[in-house]
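Structure at a glance
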Amino acid sequence: AEYMGTHPVAHICVAMQLPTDFVAEVRSRLDALEQKIAFVLDALQLGVPPIEQIGEVVPETIPVLLKLDFVLPVQKWFTKRPMPEFSVRVVHEDGSLFTETAGMVLKIQLLSGHGLVVDHFLSAPCLQFPFHQGVANVSGMKFSAVSSRNGGFFQFELSVPNSTIPPVLSAQLRVLSERLKNESKAGSVTELTPDDSLARVPGIGKKYSARMYDCGIRTLRDLASLNQEKRKNLLELVRRDRGALTETRLEELCREAQAVVDGVATHPQTLSSPSIQVSEEPFSKKAKFSADPNELKQGRAVGWEVDEMLNLVSDLSDDDDFGH
């Protein structure tokens, strides 16, 4: 009687948002079982032994519900470098490993922060990885583009073709320029410590950090310790003619340094200004991170966060400068 009528089991499948193919198979098997039960009831009412005509009624097997289980090894990575290997497991609902995966493969697609498929930004020998005893090892993937120019992050979509296993999305992954890795530049203020060199601070270019170093200001702790008079003297020593470092920007850097020293730097958005890149030449080049003029004219939101713009600026060479 539980399988008759509106099929409560099938409705539960829908309510749990199970895969469409899985729900369809459950409903199909329940319909077949309902027909057999109805035939038996009709036969009993007519006084005809039903077993001789329909054979033994064997309960149908409901398909096993499986899912993919994995964790990305990093939340931030860099272009041109092989991403650390990670494993993807096929598991039951209770988390136990499903090992009967012969012939099954894991397919990976790369999505931008805008939800677009951007596999062309992913360099790998193959984007399909075979399962062995329930586990697929993903390795050899390199990024050729930064996430800041593609919606702020990337995500992997993992699926198992020709199966009822639902596809899943990975956590968001930020991909920065390889140059930031080589320079040990911090991705945000939250990654800094009071005794870090100023060269690690997003927003301070090589030449300004070198000039501050020559003035005895070598760490964030040193920068945070400057009073108003010392800040003014430092600005005069390092700015040189029309340098990009303004009094307002130096005040912001000092506040950020103080936040790190006090242990209250918790949000990347506290980095509120573009990177300072200095050249001995007069200003002649414009910043390269400006948005599409057509979008600005139409009043569309650019949608970039401050740390994304900083990452864009980090791709400029030290010979590039900003207009004001």
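Residues numbered from 1 in each chain as written. Predicted model: local features only at pLDDT ≥ 70, side-chain atom pairs only at ≥ 80, totals over all residues. Heavy atoms only, no water.

**Observations regarding helix α7 (residues 228-239)**
Between its first and last C-alpha atoms α7 spans 16 Å; for twelve residues at 1.5 Å apiece the expected length is 16 Å, and the two agree. Those residues of α7 lying buried are R231, L234, L235 and V238. Down the axis of α7, the sector holding all buried residues measures 105°, keeping them to one side. Relative to its buried face, α7 has exposed residues pointing more than 90 degrees away, namely E229, K232, E236 and L237. Taking the backbone nitrogen of E229 as reference, a side-chain oxygen 3.2 Å away marks N227 as the first, capping residue of α7. (Helix = DSSP H or I, 4+ residues; strand = E, 2+ residues; numbered from the N terminus. Expected span 1.5 Å × (residues − 1). Buried < 20%, exposed > 50% of the residue type's maximum accessible area, 1.4 Å probe, protein only. Arc of directions from axis to C-beta. Polar contact = N/O pair within 3.5 Å; in protein donor to acceptor, adjacent residues only side chain to side chain.)

**Here's the deal with the side chain of S170**
One can find S170 in the loop between β10 (168-169) and β11 (174-176). Excluding anything up to four places from it in sequence, S170 contacts F70, L72, Q155 and F156. (Contact = heavy atoms within 4.5 Å.)

**Description of the pairing of strand β1 (residues 66-69)**
Side chains of β1 alternate between two faces, with L66 and L68 buried and K67 and D69 left unburied. In terms of strand pairing, β1 meets strand β3 (residues 86-92) through four bridges, oriented antiparallel. In the sheet register, K67 faces β3, and the bridge partner there is V91. (Pairing = 2+ DSSP bridges.)

**A short note on the sheet that holds β10**
Strand order in the open sheet formed by four strands is β6-β4-β9-β10, and the pairing between neighbours is antiparallel. Each having just a single partner strand, β6 (128-130) and β10 make up the two edges of the open sheet. One ladder, built from six bridges, connects strand β4 (residues 105-112) with strand β9 (residues 154-159); its direction is antiparallel. Looking at the pairing, L110 lines up with F156 of β9.

**Structural notes on the sheet that holds β3**
Taking strand neighbours across the sheet as the criterion, the three strands line up as β1-β3-β7 in an open arrangement whose pairing is antiparallel. Because the sheet does not close on itself, it has two edges, and the strands there are β1 and β7 (135-138). Strand-to-strand twist of the sheet, defined as the mean angle between neighbouring strand axes without regard to direction, takes the value 20°. (Axes fitted to C-alpha atoms, helices over the stretch in contact; angles between N-to-C directions.)

**Focus: the packing of aromatic side chains**
Applying the stated rule across the entire model yields six aromatic pairs. Ring geometry for W77 versus F78: centroids 6.3 Å apart, planes at 55°, classification tilted. F78 carries the same exposure label as W77, and that label is buried. Here the basic side chain of R211 rests over the ring of Y208, its NZ or CZ set 5.5 Å away from the ring centre. Positioned above the aromatic ring of Y213 is the side chain of R218, whose terminal nitrogen or guanidinium carbon lies 4.2 Å from the ring centre. (Phe/Tyr/Trp six-rings, centres within 6.5 Å; stacked < 30°, edge-to-face > 60°. Lys NZ or Arg CZ within 6 Å of the ring centre and 35° of its normal.)

**Some words on the confidence of the model for the protein**
The predicted model of the protein has a mean per-residue pLDDT of 74, with 65% of residues at 70 or higher. Ignoring residues within four places in sequence, the model shows residues 314-324, a span with pLDDT below 50, making 43 contacts including any to other chains. (pLDDT = per-residue confidence, 0-100.)

**Some details on the nonpolar core**
L68, M83, L106, F143 and F156 are the most contacted members of the largest nonpolar core, which totals 32 residues. At the level of elements, β1, β3, β4, β7 and β9 are the ones that each hand at least two residues to this core. What F156 contacts, discounting residues up to four positions off in sequence, is L72, M83, I108, Q109, L110, L122, M141, F143, V168, L169, S170 and L173. (Core = buried A, V, L, I, M, F, W, Y, C linked by side-chain atoms within 4.5 Å.)

**Details of the pairing of β9**
Most of β9 sits out of view: five of its six residues are buried. Note that β9 and β10 share two bridges and pair antiparallel. Counted as the bridge partner of E157 is L169 from β10.

**Here we look at empty space enclosed by the protein**
Counted under the stated rule, the structure contains one cavity of 30 Å³ or more. Taken as a whole, the largest cavity encloses approximately 50 Å³ of empty space. Considering the residues around the largest cavity, the lining is formed by eleven residues, among which V201, L220, L253, E256 and A257 are closest to the centre. Of all the secondary-structure elements, those providing two or more residues to the lining of the largest cavity are α6 (220-224) and α8 (247-262). At three residues, the largest contribution of residues to the lining of the largest cavity is made by α8. Grouping the constituent residues of the lining of the largest cavity by class yields ten nonpolar, no polar and one charged. (1 Å grid on protein atoms, 1.4 Å probe; cavity = no way out; pocket = protein on both sides within 12 Å on 5 of 7 lines; lining within 4 Å. Points joined across faces, edges and corners; volume = space filled by probe spheres on them. Nonpolar A, V, L, I, M, F, W, Y, C, P; charged D, E, K, R; others polar.)

**Let's talk about the packing of helix α5 (residues 206-214) against α7**
With their axes 10 Å apart at the nearest point, α5 and α7 run at an angle of 125° to one another. Overall, the two elements α5 and α7 adopt an arrangement that is oblique. At the point where α5 passes α7, the crossing takes the right-handed sense. Counting all contacts with α5, which are made through Y208, R211 and M212, the residues of α7 involved are L234, V238 and R239. Classifying every residue of the contact of α5 with α7 by side-chain character gives four nonpolar, no polar and two charged. (Parallel < 35°, antiparallel > 145°, perpendicular 65-115°, else oblique. Left-handed = near helix turned anticlockwise from the far one by under 90°.)

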